[in-house]
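Residues per chain, in single letters:
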Amino acid sequence: MTFNTKALLGAAAAMALMAGSASAADLACLITKNNTNPFFVKMKEGAEAAATAAGLDFQAYAGEKDGDAAPQITAIENCVAAGAKGILITPSNDSVGPALKDARAAGILVISLDTPLGDAEAQDITFATDNFEAGLLIGKWAAATLGDKAATAKIAMLDINKQNISVDVLRDTGFLVGFGIEVPDLTVMGSETDPRVIGHEDSDANPEGGLRAMETLLAKDPDINVVYTINEPAAEGAYQALKNAGKEGQAIIVSVDGGCPGVASVKSGVIGATSQQYPLLMASKGIEAIVAFAKDGTKPTVTEGLSFYNTGVNLVTDKPAEGVPSIDTTKGTELCWG
């Protein structure tokens, strides 16, 4: 993908205006997993800017942390009560599904961003990174970088939690498949029996959780030399745990997000490679879809051959591996966010 992320907001505004002016009473809601992760912060900025340009009213809500569904359910109910035309949501887990089905029944367009729901009837469409591909890329890169040593690797898996959230499962299993590990059940985490996987631990997708999870796994095996992390905040915590244990530089750390701090961590060598996703595009496309829906009921369509609208992914590394397509941190910095 070769678009310039920093031009996305202007493009989003233009597309929204071309789609037709929204009524002053038309409301778009954005509901994210939390309001601290740079990914969701940037998503909110993009959605709000695009909504303002399109003439939509805009309300933003968030949970306290990943997996925190109760505040999201309350937010959905508030958006329905306010007569929103569309809801953009990064669902914390599938328990928000019934409330979203009620929203759809009330005539509201529901778009999942980044994280598809298990119940297809709970959303009209998902705009997302191909999260399995994101995991696959960092898995392939890690295996190629290790070369012959991949056969005896000791791998730490830092997931979000044990709830089998779709984005968590897709990145986790994608990484393992990319690394060359057999995964019997791609719908859940931990079905593999390969002894190279030391364990899966919850990171809550934040630095504190990443630190805790990595400490737990190092206690199980101090010779871990590959660390998969659900996102870059978790990678930050994993790196600190390795450093605290005197094992800085012992393990390859790979991740997903591609925010500017994460790309800087790749450049400095803290993270070996990360799969970069594009929250501004998810947000701007979501607002564009709500504008079109409010105008004449038009609903967005999926990318050909997929069950969702693919907003793209690039592997970012300064140590390219043969057979694994990537961009360097100079290009990654041009496209980053946060």
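Please read these numbers as outputs of a predicted model, since none were measured by experiment. (Residues numbered from 1 in each chain as written. Predicted model: local features only at pLDDT ≥ 70, side-chain atom pairs only at ≥ 80, totals over all residues. Heavy atoms only, no water.)

Enquirer: Hey, could you run me through the nonpolar core in this one?
Expert: It is characteristic of soluble globular proteins that their nonpolar side chains tend to be buried jointly. If you look at the biggest cluster of nonpolar residues, it comprises 33 residues, and the most contacted ones within it are Trp-141, Ile-155, Phe-175, Phe-179, Val-226 and Val-254. Going through the elements one at a time, helix H5 (131–146), strand E6 (155–159), helix H6 (166–179), strand E8 (226–229) and strand E9 (252–257) are the ones with two or more residues in this core. Examining the composition of this core, we find that 7 residues originate from one element, H5, more than from any other. Beyond its immediate stretch of four places on either side in the chain, Trp-141 contacts Ile-252, Val-254, Gly-272, Ala-273, Leu-315, Thr-317, Lys-319, Pro-320, Ala-321 and Val-324. Among the nonpolar cores identified, the runner-up in size contains 25 residues, and Phe-39, Ala-50, Ala-51 and Ile-111 belong to it. (Core = buried A, V, L, I, M, F, W, Y, C linked by side-chain atoms within 4.5 Å. Buried < 20%, exposed > 50% of the residue type's maximum accessible area, 1.4 Å probe, protein only. Helix = DSSP H or I, 4+ residues; strand = E, 2+ residues; numbered from the N terminus. Contact = heavy atoms within 4.5 Å.)

Enquirer: Any chance you could explain the packing of aromatic side chains here in plain terms?
Expert: The description of an aromatic ring pair uses the distance of the two centres, along with the angle that the planes make with each other. This model, assessed by the stated rule, comprises 5 aromatic pairs. Relative to Trp-337, the ring of Phe-39 lies with its centre 5.3 Å away and its plane at 75°, an arrangement referred to as edge-to-face. With Phe-39 in helix H2 (residues 38–54) and Trp-337 in the segment after helix H11 (329–335), this residue pair connects regions lying 298 residues apart in the sequence. Here the two residues Phe-39 and Trp-337 agree in accessibility, since each one is buried. Chaining the aromatic ring pairs together yields one cluster made of Phe-39, Phe-40 and Trp-337. (Phe/Tyr/Trp six-rings, centres within 6.5 Å; stacked < 30°, edge-to-face > 60°.)

Enquirer: How should I be thinking about the state of the cysteines in this particular structure?
Expert: Disulfide: a covalent bond formed between the sulfur atoms of two cysteine residues. A complete count under the given rule lists 2 disulfides for this structure. The disulfide that involves Cys-29 links it to Cys-79, with 2.3 Å between the sulfurs. Because the sign of the S-S torsion sets the handedness, a value of about -115° for the bond joining Cys-29 and Cys-79 places this disulfide among the left-handed ones. A residue pair is termed long-range when its members are at least 10 positions apart, and Cys-29 in strand E1 (residues 27–32) and Cys-79 in helix H3 (residues 70–81) qualify at 50 residues. By relative accessible area, Cys-29 is classed as buried at 0%. At a sulfur-sulfur separation of 2.0 Å, the disulfide partner of Cys-260 is Cys-336. (Disulfide = S-S within 2.5 Å.)

Enquirer: When you look at helix H9 (residues 260–268) in this model, what are you seeing that I'm missing?
Expert: Along H9, the positions that sit buried rather than exposed are Gly-262, Val-263 and Val-266. Down the axis, H9 shows its buried residues gathered within 100° of arc, on one side only. Set apart from the buried face of H9 by more than 90 degrees, the exposed residues are Lys-267 and Ser-268. Gly-269 lies just past H9 and shows a positive phi near 95°. (Arc of directions from axis to C-beta.)

Enquirer: Is there a simple way to think about the sheet that holds strand E7 (residues 197–202) in this case?
Expert: The mixed open sheet is built from 6 strands, whose spatial order is E7-E6-E8-E9-E10-E12. Only two strands of the sheet have a single partner each, and these edge strands are E7 and strand E12 (314–316). Adjacent strand axes in the sheet meet at a mean angle of 15°, parallel and antiparallel pairs treated alike. Judged from the 4 bridges that link them, E9 and strand E10 (residues 273–276) form a sheet pairing that is parallel. By the bridge assignment, Ser-255 is partnered in E10 with Thr-274. (Pairing = 2+ DSSP bridges. Axes fitted to C-alpha atoms, helices over the stretch in contact; angles between N-to-C directions.)

Enquirer: Please clarify how the sheet that holds strand E2 (residues 57–62) should be interpreted in this entry.
Expert: Each strand in a sheet pairs with another by means of backbone hydrogen bonds, the pair being arranged parallel or else antiparallel. Taken in spatial order, the 6 strands line up as E2-E1-E3-E4-E5-E11 in an open sheet, and their pairing is parallel. Unpaired on one side and paired on the other, E2 and strand E11 (309–310) mark the two borders of the sheet. Judged from the 3 bridges that link them, strand E4 (residues 109–113) and strand E5 (residues 125–128) form a sheet pairing that is parallel. The partner of Ile-111 across the bridge, within E5, is Ile-125. Strands in contact with helix H10 (residues 279–296) are E1, strand E3 (86–89), E4, E5 and E11; relative to E4, the strand with the most contacts, it is inclined by about 170°.

Enquirer: Would you mind showing me how to read the packing of H5 against H6 here?
Expert: Two packed helices can be described by the angle between their axes and the distance between those axes. The N-to-C vectors of H5 and H6 enclose an angle of 30°; their axes lie 6 Å apart at closest approach. Considering the angle they form, H5 stands roughly parallel to H6. For the crossing formed where H5 meets H6, the hand is right-handed. The residues of H6 that touch H5, namely those facing Asn-131, Phe-132, Gly-135, Leu-136, Ile-138, Gly-139, Lys-140, Ala-142, Ala-143 and Leu-146, are Val-167, Leu-170, Arg-171, Thr-173, Gly-174, Phe-175, Val-177, Gly-178 and Phe-179. Classifying every residue of the contact of H5 with H6 gives 11 nonpolar, 6 polar and 2 charged. (Parallel < 35°, antiparallel > 145°, perpendicular 65-115°, else oblique. Left-handed = near helix turned anticlockwise from the far one by under 90°. Nonpolar A, V, L, I, M, F, W, Y, C, P; charged D, E, K, R; others polar.)

Remember, this is a structural readout, not a statement about activity or role.
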